[in-house]
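Residue strings, one per chain:
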Amino acid sequence: MTVMSMTTPSCPDLYWLPEAADFDGALRMFRNTELSGEENWVTLQTLANYRLDFMQTRRLDRVVSDKTGSLPGSVPRLRLAILGSSTLEHLAPAIRIGALRRGLLVEVHVAPFGQWRQQILDPASALYAFQPDAVLLSLDHAALLPTLPLNAPRIDVEAALDAAVDELAQLWHLLRDRAKAVVIQQTQWIVAPSLFGHFERTVPAAPAAIATQFDARLTVRAAEEGALLLDLRQATSGIGAEQIGDPMLWHHAKQTISPMAAPWVGDHIARILAALRGLSKKVAILDLDNTLWGGVIGDDGLDGVVLGQGSGTGEAYLTFQHYLKALRSRGVLLAVSSKNEQAIAEAAFDQHPEMVLRRDDFAAFEANWNDKPSAVRRIAKDLDLGLDSFVFIDDNPAERDLMRRTLPAVSVPELPEAPELYAKCIADAGYFEAVSFSLEDTKRNDQYAANRERKRRQFSATNMEDFLRDLQMVLTVSAFRQADLPRITQLINKTNQFNLTTRRYTEAEVRALMEDPSVLTYAFRLTDRFGDNGLTSIVIGRRGPEPGSLELDSWLMSCRILGRRVENAVLQVIVEDAKVAGITQLIGRYRPTPKNGLVKDHYPNLGFSLLEGATDPGETAWILPLENLSLPPVDHIAVMRGS
Amino acid sequence: MDKQEIYAALTDILQDVFDNPDIVATPDLSASDVPEWDSFNHINIVVASEMRFGIKFKTAEIESLRNVGDFVELIASKRIAA
């Protein structure tokens, strides 16, 4: 692999877009066909929404310039000036095509490289003559960052960094005053070879320390001044800076960004421009089966779908749901388009115990057997939004293809086959780019208040009792249910520490326990003011051997809720139940393993007495008579009975 | 891929870069023969070739080129090495 990467070029591609079967053929045909301005506009956007490489991007860009004159006057437009400390002309076609992909026509002016200061300072410069709507400052470390002796003290470095950011902010002001343009400042993405290795950033004047400290100041200042960031530092952190830069091209042509990476960088720049014109996507329309969970709910049933803890795939779907929920909380609308029975699909959200998204999270919900383009049209009408506001997220390639053919204005990502990559794909595609985040977007205030409260609570509790009470724990108990089986089986087989007997059962054996009338099963979920801890505690009781006895076959709890005295509440539930069932005594056993010393004194701590004899070596047996038993009250946990 | 095929592929690249269907890659062709062959398009030819042939050029290799013939020799040698 290492040898390959040295001898063959690589670059990030637009992997969320479909590959064109015959792009050149389609381009040639389009070039030679007379269409109306409106048809030209739609066709150009469709062609731009393929996974184009650098040369294909250039080819399409040439056709765009041929056809620009014919396009309707109503088409959204923007003028972008680029000032750089390296050669950037090669980005222009990629920016134009990236914008076209989002329904925006961009005119690009690239100032001669290295001329950025003069262009900003001189009111008669070509920059101002161009009358840009937005100015991108693509300035690399050599142009912007102070250089100090390596032994410069921190205070000198900080003064130099402040001066550099101040100077930059002055230039932003000039641009805004003179050009009335939005300023977009690129962050530092080039990684210089390290001098100190991992120690590098602890040395204030080391290159990497200067670059990251500069960016930290820059981002704060940009937020204060209303400048936007082209955050290539962040964007390249996932793919590696060497994916977009090539030292050969810098030395030979003063290009920091490789032409091969131009489609990717251009797409990132275009996202910001489109967002400035209000062209970011607003709604994620989601398929259900194999998109939000594994399996088919209509066939497999609520208990059969793969979602949540107990399987890696189930957790991957859960992670995707969490991502969507977070998108929703920043103001992205969610909707459903699924081929399903409406009642079954809706019930899944209210009844599946692991479901993160709720029915209420969706602004529109279309589950029926009609074609999906019709559903999307209906949702667009209901929400009073244009089709170009929608992203259609579906694992089924046939549905995606139909959507693209029928409604080209809808964005349709090529979803990866693995659900663990869904969130990354949606994020990488840059559909929901923001240029502001305000109260109107979301209930930001509520969230911030909740977070502040949570932090305050964490630190305000001065003793254990207060801490436990402040957690506002709610313990929900139910007998084992089909839908919980994977999680129950997982807990039984993975819990080592808080586990009194460490008896392991397969899923089939657990199911047998559920059906055995002499067995009482308990599954406990715990929520607190910070959220749902999920199904985290299990008790299995068997009647016998003497009449009136309940033998606690298993008692186990996930480590994540240790130290909260949940076991006291659990015992109360069991005692209440046992009394109703005519049971007079509980028998518990502790079977020591190398890992469960934690619960050695579990039963005596709960008030059980030692039961002499009749135990295996090392094992202890404990008894709790229920007659006239009064347990100390558990007032820090509320107990609820589930279905 | 023999040299003839490399010439054919380079012809495609040159026609694409210069948007000119008449240009043909020949051993003696050089930047001075094509008015639009400036440093910007030179890099486009180099990068398009890297993509097309799946190879990576070094700075020194690019600097030593005199004409298309040199370039084809370089591509052929790198493809054998790869």
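The structure this text deals with has already been given above.
How each quantity is defined
- Residues numbered from 1 in each chain as written.
- Chains lettered and ligands numbered in written order.
- Predicted model: local features only at pLDDT ≥ 70, side-chain atom pairs only at ≥ 80, totals over all residues.
- Heavy atoms only, no water.
- Helix = DSSP H or I, 4+ residues; strand = E, 2+ residues; numbered from the N terminus.
- Buried < 20%, exposed > 50% of the residue type's maximum accessible area, 1.4 Å probe, protein only.
- Lys, Arg positive; Asp, Glu negative; His and termini not counted.
- Charge placed at Lys NZ, Arg CZ, Asp CG, Glu CD.
- Pairing = 2+ DSSP bridges.
- Axes fitted to C-alpha atoms, helices over the stretch in contact; angles between N-to-C directions.
- Contact = heavy atoms within 4.5 Å.
- Phe/Tyr/Trp six-rings, centres within 6.5 Å; stacked < 30°, edge-to-face > 60°.
- Lys NZ or Arg CZ within 6 Å of the ring centre and 35° of its normal.
- Core = buried A, V, L, I, M, F, W, Y, C linked by side-chain atoms within 4.5 Å.
- Domains from an automatic or database assignment.
- Patch = residues over 30% accessible without salt bridge, like charges linked within 9 Å, V, L, I, M, F, W, Y side chains within 5 Å.
- Areas by Shrake-Rupley, 256 points an atom, 1.4 Å probe, with all protein chains shown as cover.
- Salt bridge = Lys/Arg side-chain N within 4 Å of Asp/Glu carboxyl O.
- Nonpolar A, V, L, I, M, F, W, Y, C, P; charged D, E, K, R; others polar.
- Buried area = accessible area lost by both parts, 1.4 Å probe.

> Mind showing me how you'd approach the overall build of chain B here?
Across its full length, chain B holds 4 helices and 0 strands. When the helices and strands of chain B are listed from N to C terminus, the series reads α-α-α-α. Expressed along its principal axes, the backbone C-alpha trace of chain B runs to roughly 35 × 25 × 20 Å. Within the span of chain B, comprising 82 residues, buried residues form 49% of the whole. Side-chain charges in chain B split into 7 positive and 15 negative, and the spacing between the mean points of these groups amounts to 11 Å.

> What am I meant to see in the sheet that holds strand E10 (residues 473-478) of chain A here?
Remark on secondary structure: sheet strands pair via backbone hydrogen bonds, oriented parallel or antiparallel. Residues and elements named next belong to chain A. In space, the 8 strands of this open sheet follow the order E15-E16-E14-E13-E12-E11-E10-E17, with mixed pairing throughout. On the outer flanks of this sheet lie strand E15 (609-611) and strand E17 (637-641), each paired with one strand and no other. Each neighbouring strand pair of the sheet contributes to a mean axis angle of 30 degrees, computed without reference to strand direction. Relative to the sheet, helix H22 (residues 485-494) contacts strand E11 (519-528), strand E12 (531-543) and strand E13 (549-557), its axis offset from that of E12 by approximately 75 degrees.

> Honestly, the packing of aromatic side chains in this entry has me stumped. Any pointers?
Here the distance between the centres and the angle between the planes together describe a pair of aromatic rings. Residue and element names in this part refer to chain A. Counted according to the given criterion, the structure contains 14 aromatic pairs over all chains. Ring centres of Phe362 and Phe365 lie 5.9 Å apart, and the angle between their planes is 85 degrees; this geometry places the pair in the edge-to-face category. When sorted by exposure, Phe362 lands in the same class as Phe365, which is buried. Taken together, the ring pairs in this structure connect Trp293, Phe349, Phe362 and Phe365 into an aromatic cluster. Taking NZ or CZ as reference, Lys67 lies 4.4 Å from the ring centre of Phe30, over its face. Just above the ring of Phe130 sits the side chain of Arg79; from NZ or CZ to the centre is 4.3 Å.

> When you look at the nonpolar core in this model, what are you seeing that I'm missing?
Residues and elements named next belong to chain A. Counting residues in each nonpolar core, the largest one holds 104 residues, and the members touching the most others are Leu80, Leu273, Leu292 and Trp293. Formed jointly, this core draws a minimum of three residues from each of two domains, domain 1 (12-276) and domain 2 (283-441). Apart from residues lying up to four places away in sequence, Leu80 is in contact with Ile95, Val106, Glu107, Val108, His109, Phe130, Ala134, Val135, Leu136, Ile269 and Leu273.

> Would you mind going over a nonpolar patch on the surface with me for this structure?
Taken together, the side chains of Leu150, Leu195, Phe196 and Phe199 of chain A present a nonpolar region at the surface, about 400 Å² in accessible area. Positionally, Leu195 of chain A belongs in the loop between strand E4 (182-186) and helix H10 (207-225).

> Please clarify how the packing of helix H15 (residues 312-329) of chain A against helix H19 (residues 422-429) of chain A should be interpreted in this entry.
Pairs of packed helices are described in terms of their axes, by the angle between the two and the distance that separates them. All names here are of chain A. Interhelical geometry of H15 versus H19 gives an angle of 35 degrees and a closest axis separation of 8 Å. Between H15 and H19, the contacting residues are Tyr317, Phe320 and Tyr323 on the first element and Tyr422, Ala423, Ile426 and Ala427 on the second. Broken down by class, the residue content of the contact of H15 with H19 amounts to 7 nonpolar, no polar and no charged.

> For this particular structure, what's the right way to read the sheet that holds strand E3 (residues 134-138) of chain A?
Residues and elements named next belong to chain A. Strand order in this open sheet of 5 strands is E2-E1-E3-E4-E5, and the pairing throughout is parallel. For this open sheet the edge positions go to strand E2 (105-110) and strand E5 (228-230), each flanked by a neighbour on one side alone. Each neighbouring strand pair of the sheet contributes to a mean axis angle of 25 degrees, computed without reference to strand direction. Relative to E3, strand E1 (residues 77-84) is paired through 5 bridges, and the arrangement is parallel. Opposite Ala81, over in E3, you have Val135 as the bridge partner.

> I keep staring at the pattern of salt bridges and nothing clicks. Help me out?
When charged atoms on two side chains of opposite charge get close, those side chains can pair. Under the counting rule described, the total for this entry stands at 47 salt bridges over all chains. For the salt bridge of Asp267 of chain A with Arg271 of chain A, the shortest nitrogen-to-oxygen distance reads 2.9 Å. With Asp267 of chain A and Arg271 of chain A both in helix H13 (residues 262-276), this residue pair falls 4 residues apart, about one helical turn. With respect to class, Asp267 of chain A is no different from Arg271 of chain A; both count as buried. Among the ionic pairs, Asp287 of chain A bridges to Lys372 of chain A, the shortest N-O distance being 3.0 Å. One end of the pair, Asp287 of chain A, is in the loop between strand E6 (283-286) and helix H14 (297-304); the other, Lys372 of chain A, is in helix H17 (residues 372-383), with 85 residues separating them in the sequence. Three or more residues are tied together by salt bridges with common partners; here these are Asp24, Arg31, Arg59, Arg62 and Asp66 of chain A together with Asp16 and Asp19 of chain B.

> Even after reading the chapter, I still don't get the environment of Glu414 of chain A, so can you show me in this structure?
Residues and elements named next belong to chain A. Note on placement: Glu414 falls in the loop between helix H18 (397-406) and H19. A relative accessible area of 22% places Glu414 in the partly exposed class. A C-alpha to C-alpha distance of 32 Å links Glu414 and Gly73, two positions 341 residues apart in sequence. Excluding its chain neighbours within four sequence positions, the residues that come into contact with Glu414 are Tyr15, Trp16, Leu17, Pro18, Arg400, Arg404 and Cys425.

> Explain the interface of chain B and chain A here, please?
Quite often, the size of an interface is put as the accessible area lost when its parts meet. Each partner contributes residues to the interface: chain B has 21 residues there, and chain A has 22 residues. Around 1900 Å² of area is buried between chain B and chain A when both sides are counted, 65% of it from carbon and sulfur atoms. The three residues of chain B that bury the most area against chain A are Asp16, Met51 and Lys56 of chain B, which together make up 30% of that side's buried surface. On the surface where chain B and chain A come into contact, there are 5 salt bridges. The residue Arg62 of chain A makes a salt bridge to Asp19 of chain B at a minimum N-O spacing of 3.3 Å.

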